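Structural features, examined
As a plain string of letters, each chain reads:
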Amino acid sequence: MKLTNTQKTIYYLLQFTWGIIMNIFGAVAALVMLATGHKPIRHGGSVLFIVGKNNWGGLNLGMFSFVSPYAPERTKNHEFGHALQNCKWGPFFPFKVAIPSFLRYWKFMLNIKRGIKNTESYYEAWFEKQANELGAEYINKW
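A few points on the structure. In this text the structure is predicted, and so the values were computed from the model without any measurement.

1. Details of the packing of helix α3 (residues 73–89) against helix α5 (residues 126–139)
Here α3 crosses α5 at 105°, and the two axes come no closer than 7 Å. By the angle between their directions, the pair α3 and α5 is classed as roughly perpendicular. Touching N77, H78, F80, G81, H82, L84, Q85, K88 and W89 of α3 are W126, F127, E128, Q130, A131, N132, L134, G135, A136, Y138 and I139, all from α5. When its residues are assigned to classes, the contact of α3 with α5 shows 10 nonpolar, 8 polar and 2 charged.

Structure (structure tokens):
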């Protein structure tokens, strides 16, 4: 079942009120992307930018997402899932999801660079698993 226009309006209203903190950072990053010639793509309720030359994954800043050119659809959906989490957590999102996710990403990357095997999936943390589930559920409803 597709989302109604009212549900989409509520999503955007939440992004620009309750979730405004991350969207301010996202809007600034989006302006930089536009100024450097990057073209945005609509992905669900997110504005998506393809950035970089290597496979670095993705980053979400409110309703703005940034992914590597090699990011599979599931990564784009995952970042959209973080946008949905921003609607839920609002001003707590940076502390409950964004910062822990950022630290987790760098821990995994440093382990890989040091030749240390990561013993668990990156997506085992509740906030990463939830982003996967939300993104997968809502991308086709948009």
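2. Brief notes about a nonpolar patch on the surface
Side chains of F16, I20, I21, I24, F25, V28 and V32 sit close together on the surface and give an oily, nonpolar patch of about 610 Å² of accessible area. Checked against the element boundaries, V32 lands in helix α2 (residues 20–35).

3. What about the environment of S46?
Along the chain, S46 falls in strand β2 (residues 46–50). According to the relative accessible area criterion, S46 is buried, its value standing at 1%. Separated by 64 residues in sequence, S46 and L110 place their C-alpha atoms 29 Å apart. Setting aside residues no more than four positions away along its own chain, S46 makes contact with Y11, I41, M63, S65, F80 and A83.

4. With respect to the side chain of Q85
Following the sequence through the fold, Q85 ends up in helix α3. With relative accessibility at 1%, the residue Q85 sits in the buried group. A polar side-chain atom of Q85 sits 2.9 Å from a polar atom in the side chain of Q130. Setting aside anything within four residues of it in sequence, one finds Q85 in contact with G90, F93, V97, F127, Q130, A131 and L134.

5. Observations concerning the pattern of salt bridges
Using the criterion set out here, one finds 2 salt bridges in the structure. Across the salt bridge formed by E120 and R104, the nearest N and O atoms sit 2.8 Å from each other. Of this pair, E120 sits in the loop between α4 (93–114) and α5 while R104 is found in helix α4, placing the two residues 16 residues apart along the sequence. Its salt-bridge partner being E137, residue K141 comes within 3.3 Å of it at the nearest N-O pair. Overall, the relative accessible area of 24% leaves K141 in the partly exposed class. You can call E137 partly exposed: its relative accessible area is 40%.

So, how was this worked out
Numbering of residues begins from 1 in every chain and follows the order in which that chain's sequence is written. Thresholds applied to this predicted model are a pLDDT of at least 70 for local features of residues and 80 or more for the giving and counting of side-chain atom pairs; totals over whole chains, interfaces and linings are not thresholded and use all residues. Hydrogens and water molecules were not included; the side-chain quantities draw on all heavy atoms of the structure. Between N-to-C directions, angles span 0 to 180 degrees; the directions come from axes that are lines fitted to C-alpha atoms, helices contributing only their stretch in contact. Segments assigned H or I by DSSP are reported as helices when at least four residues long, segments assigned E as strands when at least two residues long, and all are numbered from the N terminus. These descriptions rest on fixed angle ranges, namely under 35 degrees for roughly parallel, over 145 for roughly antiparallel, 65 to 115 for roughly perpendicular, and the rest for oblique. Contacts are assigned to residue pairs that have any heavy atoms within 4.5 Å of one another. The classification used treats Ala, Val, Leu, Ile, Met, Phe, Trp, Tyr, Cys and Pro as nonpolar, Asp, Glu, Lys and Arg as charged, and all other residues, Gly among them, as polar. For patch building, the residue pool is restricted to those with more than 30% relative accessible area and no salt bridge; the joining distance is 9 Å between like charges and 5 Å between nonpolar side chains (Val, Leu, Ile, Met, Phe, Trp, Tyr). Accessible areas in this description were obtained via Shrake-Rupley with a 1.4 Å probe; residue shielding takes into account the shown protein chains only. By definition here, a salt bridge exists when the distance from a side-chain nitrogen of Lys or Arg to a carboxyl oxygen of Asp or Glu is within 4 Å. Type-normalised accessible area, obtained with a 1.4 Å probe on protein chains alone, sets the label of each residue: buried when under 20%, exposed when over 50%, and partly exposed for intermediate values. We define a polar contact as two N or O atoms separated by no more than 3.5 Å, with the added condition that, inside protein, one atom must be a possible hydrogen donor and the other a possible acceptor, whereas residues neighbouring each other in sequence contribute only through side-chain atom pairs.

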